[in-house]
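# Results of the structural survey
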Amino acid sequence: MDVTTLIASALGGAFVLIGDLTSRISARRQADRIRQAMLQDAERNQAVQDTRDRKRELRERERQAAETMLSYIREHNVTLTDATDDEAKQFASGLAKVISFESIYVSDPTVRRYLFLSSEIMDMVSAGELHAKSAVFAVRFNCYIWLGVWIREERDVPPPTETWARMAAQLADAGARFRSRMQSEGCEIEDPLQYL
C-alpha cells in the first residue's frame, strides 16, 4: 500500500468522521431549537391557561359577591309599610356594610359605582341624614335590577330610578351635615364621594 493511498484513505475517513460529527451537531442544534420552541409554546399555553383560570376565579368571586348582596336583601328584608324608621335604619346599616365589602369584586364600573353610591345612601340613612324608608326602598329595588343585569351579563345597565337619583343627589349635602356633626364631636371623616 502506498503512502498516497493511505493518506487518501485517512483523509476520507476523517471527512466521514467530520461529516458525521457535523451532522450530529446539526441534529442536536435542530433538536435544541425544537425543544426550545416546545418549551416556549408550553410556557405560552400555561400563561394563557393561568389567565383563563384567573378570570374564571374572579368571575366566580364576582358571582359570590352578587349572591351575598342579594341574599342579604332577601334574608333581612323589611316590609316598608310595617317597618319602623329604626328597623329601616338597621336594614340600611347592614346593607351598607354588605355592599361596601362585596362591591369591590364587581368588574362592571357602572354597576360598581351605583353600588358604591347605594352604600353611601344607606350610610346616610343610618346616620339619620336621609329619609329611611324612601332610601331603603330605592336602594333595594335598584340593587336588584343592577345585580340581576350584571349576573346575566347583559350589556346595558339601566339607569337608576328617580327616587334613587334624588337620594344620590342629596348625598353631598347629607354627607356634609354628617361630617360637620362628627367634627363637632372631635371626629374627622373624609368625604368618600371625592373618590368617584
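Everything in this summary refers to the structure shown in the same document. (Residues numbered from 1 in each chain as written. Predicted model: local features only at pLDDT ≥ 70, side-chain atom pairs only at ≥ 80, totals over all residues. Heavy atoms only, no water.)

### Notes on the overall build of the chain
If you tally the helices and strands in the chain, you get 5 helices and 0 strands. From first element to last, N terminus to C terminus, the chain shows the α and β order α-α-α-α-α. The C-alpha radius of gyration of the chain comes to 34 Å, more than 25% above the 16 Å expected for a compact globule of 196 residues. With the C-alpha coordinates aligned to their principal axes, the bounding extent of the chain is approximately 120 × 40 × 25 Å. (Helix = DSSP H or I, 4+ residues; strand = E, 2+ residues; numbered from the N terminus. Rg over C-alpha atoms; globule rule 2.2 N^0.38 Å.)

### Examining unusual backbone geometry
Working note: non-glycine residues mostly have negative phi, and peptide bonds are mostly trans. Residues other than glycine seldom take positive phi values, yet glutamate 153 does so here, at roughly 60 degrees. Structurally, the position occupied by glutamate 153 is in the loop between helix H4 (132–151) and helix H5 (162–184). A relative accessible area of 48% means that glutamate 153 is categorised as partly exposed. (Buried < 20%, exposed > 50% of the residue type's maximum accessible area, 1.4 Å probe, protein only.)

### Digging into the nonpolar core
If you look at the biggest cluster of nonpolar residues, it comprises 45 residues, and the most contacted ones within it are Ile121, Met122 and Trp164. Elements with a minimum of two residues in this core: helix H1 (3–75), helix H2 (85–102), helix H3 (109–126), H4 and H5. Here the element with the most residues in this core is H4; it accounts for 10 residues. Ignoring any residue separated from it by four or fewer positions in sequence, one finds methionine 122 in contact with Ala92, Leu95, Ala96, Ala135, Val136 and Val139. (Core = buried A, V, L, I, M, F, W, Y, C linked by side-chain atoms within 4.5 Å. Contact = heavy atoms within 4.5 Å.)

### Section: the packing of H3 against H4
With their axes 10 Å apart at the nearest point, H3 and H4 run at an angle of 160 degrees to one another. Put simply, H3 runs roughly antiparallel to H4. Remark: the crossing between H3 and H4 carries left-handed chirality. Counting all contacts with H3, which are made through Val111, Tyr114, Leu115, Ser118, Ile121, Met122 and Val125, the residues of H4 involved are Ala132, Ala135, Val136, Val139, Cys143, Trp146, Leu147 and Trp150. (Axes fitted to C-alpha atoms, helices over the stretch in contact; angles between N-to-C directions. Parallel < 35°, antiparallel > 145°, perpendicular 65-115°, else oblique. Left-handed = near helix turned anticlockwise from the far one by under 90°.)

### Side note on the packing of aromatic side chains
Scanning the entire structure with this criterion turns up 5 aromatic pairs. Between tyrosine 114 and tryptophan 164, the aromatic rings sit 5.6 Å apart at their centres with planes inclined by 70 degrees, giving edge-to-face as the arrangement. Taken together, the positions of tyrosine 114 in helix H3 and tryptophan 164 in helix H5 put the pair 50 residues apart, joining distant regions of the chain. Of the residues examined, tyrosine 114 reaches a relative accessible area of 14% and is grouped as buried. Its end group placed over the ring of tryptophan 150, arginine 59 keeps NZ or CZ at 5.1 Å from the ring centre. Between arginine 61 and the ring centre of tyrosine 105, over which it is positioned, the NZ or CZ distance is 3.7 Å. (Phe/Tyr/Trp six-rings, centres within 6.5 Å; stacked < 30°, edge-to-face > 60°. Lys NZ or Arg CZ within 6 Å of the ring centre and 35° of its normal.)

### A word on the packing of H4 against H5
Where H4 meets H5, the closest approach of the two axes is 9 Å, and the angle between their N-to-C directions is 115 degrees. Seen from above, H4 lies across H5 with left-handed handedness. Along its contact with H4, which presents Ser134, Ala135, Ala138, Val139, Asn142 and Trp146, the element H5 presents Thr163, Trp164 and Met167. Residues belonging to the contact of H4 with H5 are distributed by class as follows: 6 nonpolar, 3 polar and no charged. (Nonpolar A, V, L, I, M, F, W, Y, C, P; charged D, E, K, R; others polar.)

### Section: H3
If you check H3, its first and last C-alpha atoms are 25 Å apart, about what 18 residues at 1.5 Å a residue would give, namely 26 Å. Those residues of H3 not exposed but buried are Val111, Tyr114, Leu115, Leu117, Ser118, Ser119, Glu120, Ile121, Met122, Met124 and Val125. Count one or two residues on from H3 and you reach glycine 128, which has phi positive near 80 degrees. (Expected span 1.5 Å × (residues − 1).)

### Focus: H5
With 23 residues, H5 should reach 33 Å at 1.5 Å per residue; the first-to-last C-alpha distance of 33 Å fits that figure. Of all the bends in H5, the largest measures some 40 degrees and sits at leucine 171. By the burial criterion, the buried members of H5 are Trp164, Met167, Ala168, Leu171, Ala174, Gly175, Phe178, Arg179 and Met182. (Bend = angle between axes of the 7 residues up to and from the residue.)

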